[in-house]
Amino acid sequence: MYKHDNALIDRVDLPAALGLLTRLPITVDGTRAMDRGAASAWAYPLVGVVLGVILASATALMLAIGIPSGIVAGLILAGAVVMTGAMHEDGLADSADGLWGGWDKTRRLEIMKDSHIGVYGVCAVALALLLRWLTLVVIISMGAYWVAFIAVGAVSRASMVAVMATLPNARTGGLSQSVGRPAQATAWLALAIAVGFALLCGYPWVIVIAAAFTLGCMAIARAKIGGQTGDILGATQQVTEITSLIAIVVMIT
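For the structure given in this document, a descriptive report is provided here. (Residues numbered from 1 in each chain as written. Predicted model: local features only at pLDDT ≥ 70, side-chain atom pairs only at ≥ 80, totals over all residues. Heavy atoms only, no water.)

What to know about the pattern of salt bridges
Pairing between side chains of opposite charge can happen when their charged atoms approach one another. By the definition in use, this model includes four salt bridges. A salt bridge links D13 to R36; its shortest N-O distance comes to 2.8 Å. On the criterion of sequence distance, the pair formed by D13 in helix α1 (residues 13-21) and R36 in helix α2 (residues 30-36) is long-range, its members being 23 residues apart. With respect to burial, D13 and R36 carry one shared label: buried. In this structure, E241 engages R132 in a salt bridge whose closest nitrogen and oxygen atoms are separated by 3.0 Å. Taken together, the residues span a long stretch of sequence, with E241 in helix α12 (residues 230-252) and R132 in helix α7 (residues 119-141) at a distance of 109 residues. Both residues of the pair, E241 and R132, belong to the buried class. Taken together, the salt bridges that share partners define one network made up of E89, R132 and E241. (Salt bridge = Lys/Arg side-chain N within 4 Å of Asp/Glu carboxyl O. Helix = DSSP H or I, 4+ residues; strand = E, 2+ residues; numbered from the N terminus. Buried < 20%, exposed > 50% of the residue type's maximum accessible area, 1.4 Å probe, protein only.)

Dropping the structure here:
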């Protein structure tokens, strides 16, 4: 077990967050990153911004060479899954299987830890991908992808920090427990960064929508398993991303 460094900001935080939440080729000081633990969580929204910029740049390039919006949306969705290693989708699938497939906390946690995917998980991921693709088609066709990708990327990853800081760990092992729980100052900094990017992008309502659904995810996790796990964090990111994208579609149409 590492003794985590609780300084508010460190130069290793963004590379550490990118290394944890993406599969981008990032060079990270591994020892320093582990020492930081959850103290680097303030940078999670910046990971969303980085991914948003990459995806928006790829979108602009594909549109410029004449690829239709529907195909671009599918390719961008595939790119997002590849760049994150499908870790959030995996969390959504495991959470759906465990929270709705088990009769008590112990059994739910067992199901969530199991690498096999069940019917609930398949349905959750399929519906999530469908909704994301449908919203991306509209956003891309309306030309709002730059601000939408950046705002949603930041806000949806800040939601994970809020859950980490608010709910206790539901089990004694796993990724979330090893990373640790961020201090309140770290969580507030993450939220401030996400709110700032959402406001700069012109989508204040995304903040409200994401906050409401983050609270909903926390309430379900607390009731079902008494806290949070890495799977719950991934599921929360997916839920807030989808609902934020839907909110943006409503705003621009």
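Once the structure has been displayed, the description carries forward.
So, a nonpolar patch on the surface
Together, L127, L130, L131, W133, L134, I246 and V250 make up a nonpolar patch on the protein surface, roughly 600 Å² of accessible area in all. Counting residues per element, the ones that place at least two in the nonpolar patch are α7 and α12. At five residues, the largest contribution of residues to the nonpolar patch is made by α7. Residue placement: V250 occurs in helix α12. (Patch = residues over 30% accessible without salt bridge, like charges linked within 9 Å, V, L, I, M, F, W, Y side chains within 5 Å. Areas by Shrake-Rupley, 256 points an atom, 1.4 Å probe, with all protein chains shown as cover.)

Overview of the side chain of S95
For S95, the position within the fold is in helix α5 (residues 87-101). Given the relative accessible area of 3%, S95 is considered buried. Among all residues touching S95, those that are not within four sequence positions of it are W100, M112, D231, I232 and A235. (Contact = heavy atoms within 4.5 Å.)

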